[in-house]
Amino acid sequence: MRAITFLKAMNDIDDSNIEAAEKAEEKNRVTQFPSWLNIKTVTAIAAALVITVTLGIVLTKKDDKTMAVNPMEQVITTGEAEELTGYPLTVPESFMESRKTELFVYNGQMTEVNYVDRKGEIVLTVRKAPGDEDISGNYNEYDKTDRIEAGGTVYTLKGNKGMINLVLFTRDGYSYSVDCAPGMTIEEALELAHEIR
Amino acid sequence: MEDSAIVQLYWDRDESAITRSNEKYGSYLRKIAFSILFNRDDSDECVNDTYLKAWDSIPPKRPERLSTYLGKICRNLSINLYERMTASKRGGTNTDVCLDELETVLGTSGEADEHLDMALLTEAINGFLSSLDSDVRNMFVLRYWHMESIKDISGRLKTGESRVKMSLSRARAKLKEHLLKEGFEL
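We now turn to the structure provided with this report. (Residues numbered from 1 in each chain as written. Chains lettered and ligands numbered in written order. Predicted model: local features only at pLDDT ≥ 70, side-chain atom pairs only at ≥ 80, totals over all residues.)

Let us now look at the environment of Leu129 of chain B. Locating Leu129 of chain B in the fold gives a position in helix α6 (residues 118-130). Residues Leu129 of chain B and Val141 of chain B, 12 residues apart in the sequence, show an inter-C-alpha distance of 8.5 Å. Once residues lying within four places of it in the same chain are set aside, the contact partners of Leu129 of chain B are Ile13 and Asn17 of chain A together with Arg137 and Phe140 of chain B. (Helix = DSSP H or I, 4+ residues; strand = E, 2+ residues; numbered from the N terminus. Contact = placed C-beta atoms within 7 Å.)

With that settled, the discussion passes to the interface of chain A and chain B. Often, the extent of an interface is quoted as the loss of accessible area upon association of its parts. Taken residue by residue, the interface counts 32 residues in chain A and 46 residues in chain B. Secondary structure elements with two or more residues in the side of chain A that touches chain B: α1 (3-10) and α2 (15-30) of chain A. Of the residues forming the side of chain A that touches chain B, the biggest block, 10 residues, is contributed by α2 of chain A. A per-class count over the side of chain A that touches chain B returns 14 nonpolar, 7 polar and 11 charged. (Nonpolar A, V, L, I, M, F, W, Y, C, P; charged D, E, K, R; others polar.)

Glancing now at unusual backbone geometry. Cis geometry is adopted by the peptide bond preceding Pro59 of chain B, which originates at Ile58 of chain B and carries an omega value of -10°. Its location among the elements puts Pro59 of chain B in the loop between α3 (40-57) and α4 (66-85). Residue Pro60 of chain B is bonded to the preceding Pro59 of chain B through a cis peptide linkage, with omega at 15°. With phi around 50°, Lys161 of chain A is a residue other than glycine that occupies positive phi space. With respect to the helices, strands and loops of the structure, Lys161 of chain A is situated in the loop between β9 (153-159) and β10 (164-171).

Printed below as a string of structure tokens:
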């Protein structure tokens, strides 16, 4: 049997199986909020939502149709992300062999951009949010941590085996994180960080 | 907007049905298509064609779950497009990796496929899925229906990549046994 035949037959499996898998995804995504979204913030957001819904206030408008605030929303373009967050975002279209593929906005505040290679693996994640906290959500311990100043910005570089896996910096009131699991050189990391606005 | 209201727009031949479908499920469908095709333009084309197929099929159909109804159309269109585009060779995309994995248990012979009853095969797959533990079933569906990468699945299910790989490997072996038992030629 050809594998493609099997994939085609998979198409019409029971809806309940498809939905159950998607719910598992949603359940997990709720736990993937960044570190800055602590219990106080969650409580405050929940309270604000309750009050807003109670008062029947329209939270957001798009094409004259009302929409509810989504804790995590996937968007297609950086322009759509900017509409939700209210701040500009500049990121490169590609990085090494990967391409900008997935964009998410968390609670209208933090933008996450994932770069995916041809095998579908996420090789780079860029995040931006207002403030100065570490928004990476990366709690790994690395062999080395350096702080380098370049162009008026202080970059915190973390990594293993001479490579950089995580870059953290703040600029103009926004916090940024650049998470690269395969690792990059210092030059690549700084060049990339410089491009991100 | 509720699914039932969107479906009613299709029944009323109101073209805003497509706009409302796109507002609610556009991202969901684009993700399904992109996971298979890994190309934004091709994915957009499949999503647009999905709405047209829905327009042509509702009525007479009245799907209860619009998400999976549209998702199945979109996935089907994407796989067909993928098959046409890669008729000569594969290119190492995520879909290719999924096919490689399945070939380890299904083989590569397509001789019996022409006479295969796809509805029966789908029924057998449903039977196989129901025999799996719910965690493994979710992994299997995320991998071979949604075409998610191992890394994404491990992240979403909060488990290690090695566990996902091992669970899928065992599930594929079980799939082979199940299909042989059901009388399918592999």
